Amino acid sequence: MKSKKADIWVSAILYFGLGIIIISILLAAGLPAINKLRDKNVVLQTKEVFQILDKNIRDVVRGGPGGQRVVKVDIKKGDFKIDDLKEQITWEYDTKIALSEPGKTEQDATPVSEGNLKIQTWTSGDGYKVKLWISYSENANSEKNIINLLPSVTTITGITDLAIRNDGAENKKIKVSISEVK
């Protein structure tokens, strides 16, 4: 005859093992969904940063020479760059979700516009590469724009205060300097 103590221990071990198996199955099913939501949230927050940054750049241009704004930028992940040669602000991020219709390469991916912001997605490895950008070299009418970006900071990560300043006009283009506030 078996003892009741042994039966209780065997039952406890079986329930414990069954609990671990159930938790493992839930995590295996839930983690990819959680990661996709996290990636989507990072992209949405970065889109907000772009809209705020673009609004402040355009406000400084409208404000005339000497106008200045300080903007807090929070880039959680990805590669954020201000390119003075192309006169654009870009952000690229590797993700598991497609935010627009993905192309096979960057060249055949069709950009989607949200106001001044462009979004492009293409396949990259086992996921996608998402690129957001705002170009100041051309406006919506494909005419040359009047904004010339002059960044003293070219890449941004984490929380950064940026000073955006209208430095006046040169060659019919308004020079907008972007520098880090320390």
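Residues numbered from 1 in each chain as written. Predicted model: local features only at pLDDT ≥ 70, side-chain atom pairs only at ≥ 80, totals over all residues. Heavy atoms only, no water.

K.L.:
Would you mind showing me how to read the pattern of salt bridges here?
P.N.:
Think of it this way: side chains of opposite charge can pair up when their charged atoms draw near. By the definition in use, this model includes 15 salt bridges. Close ionic contact of Asp59 with Arg62 constitutes a salt bridge, the shortest N to O distance being 2.6 Å. One end of the pair, Asp59, and the other, Arg62, are both in helix H1 (residues 4-63), three residues apart, so they sit about a helical turn from each other. What makes Asp59 buried here is its relative accessible area of 15%. Owing to a relative accessible area of 62%, Arg62 belongs among the exposed residues under this scheme. (Salt bridge = Lys/Arg side-chain N within 4 Å of Asp/Glu carboxyl O. Helix = DSSP H or I, 4+ residues; strand = E, 2+ residues; numbered from the N terminus. Buried < 20%, exposed > 50% of the residue type's maximum accessible area, 1.4 Å probe, protein only.)

K.L.:
I would appreciate a short explanation of the side chain of Thr121 in the present structure.
P.N.:
The topology assignment puts Thr121 in strand S4 (residues 117-124). Overall, the relative accessible area of 0% leaves Thr121 in the buried class. Excluding its chain neighbours within four sequence positions, the residues that come into contact with Thr121 are Ala98, Leu99, Ser100, Glu101, Pro102, Gly103, Ala109, Tyr128, Lys129 and Val130. (Contact = heavy atoms within 4.5 Å.)

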